[in-house]
Amino acid sequence: SNFAVDGDEITAEKVDKATFTNTYSVNNVHYGPVAIKNYTDKSGQKPLVDGMFTFEMKPSELNTESVVPMPTSDTVYTAHNFGEYVSFGQVEFTNEHVGKTYYYELSEVNGGVNGMTYDATKTVVEVVVTSEDVDGVEVIKVTPTYMDEAQNPLKDGSGNAINNATFTNVYEPT
């Protein structure tokens, strides 16, 4: 509206307002699987240190897509523990991945340390890529589900989803 002041009198004249429509697309999102390291040192002489354990992330055989996005150009991504945490690299998902599902296999590498029990568990992470409209903005969304090798979702004692892989090691030298 336009306003005019004439002495003590204010008059208003209605004008058509302009409407602006902004279309904005968030064309990528980054996601990387995580794991927890459970470590028991029965000797009391080999504490958990950063980089002590090695892990691999690779496309699972469950994939139906011919190309599976990975954190780097490597077909197998190698990660190490940082304390009790393991962060597998960040995968970039874009508009071309929307509507697709990807599967990643997480595993521990047997380091061959005498007296160390390594975890042979393979965890599968199902990553469903969708998009949704959030206040007029198309946003890419990634929904991960951590599963065992038989594709059963990992759950805690209360039936809640577990959102990480877990690898357990025991050090007991003989």
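Quick caveat: nothing in here was measured; it's all calculated off a predicted structure. (Residues numbered from 1 in each chain as written. Predicted model: local features only at pLDDT ≥ 70, side-chain atom pairs only at ≥ 80, totals over all residues. Heavy atoms only, no water.)

Asks: Mind showing me how you'd approach the packing of aromatic side chains here?
Replies: Across all of its chains, the model carries 5 aromatic pairs by this definition. Three or more aromatic residues link up through ring pairs in this structure, and these residues are Y39, F53 and Y118. The cationic tip of K37 hangs over the ring face of F53; the distance from NZ or CZ to the ring centre is 4.3 Å. (Phe/Tyr/Trp six-rings, centres within 6.5 Å; stacked < 30°, edge-to-face > 60°. Lys NZ or Arg CZ within 6 Å of the ring centre and 35° of its normal.)

Asks: Please clarify how unusual backbone geometry should be interpreted in this entry.
Replies: Excluding glycine, residues mostly carry a negative phi; peptide bonds, for their part, are mostly trans. Even without being glycine, D135 reaches a positive phi, approximately 50°. Mapped onto the elements of the fold, D135 is located in the loop between β12 (123-134) and β13 (137-147). For D135, a relative accessible area of 77% corresponds to the exposed category. Unusually for a residue other than glycine, Q151 sits at a positive phi of about 70°. Within the element layout of this structure, Q151 appears in the loop between β13 and β14 (165-171). Given a relative accessible area of 37%, Q151 falls into the partly exposed group. (Helix = DSSP H or I, 4+ residues; strand = E, 2+ residues; numbered from the N terminus. Buried < 20%, exposed > 50% of the residue type's maximum accessible area, 1.4 Å probe, protein only.)

Asks: How do you make sense of the nonpolar core when you look at a structure like this?
Replies: General note: in soluble globular proteins, nonpolar side chains tend to be found buried as a group. Counting 28 residues, the largest nonpolar core has Y31, M57, F88, F93, Y104, L106 and V127 as the members making the most contacts within it. Apart from residues lying up to four places away in sequence, V127 is in contact with Y31, F93, K100, T101, Y102, Y104, V142, T143 and P144. (Core = buried A, V, L, I, M, F, W, Y, C linked by side-chain atoms within 4.5 Å. Contact = heavy atoms within 4.5 Å.)

Shape descriptors only; they carry no functional weight alone.
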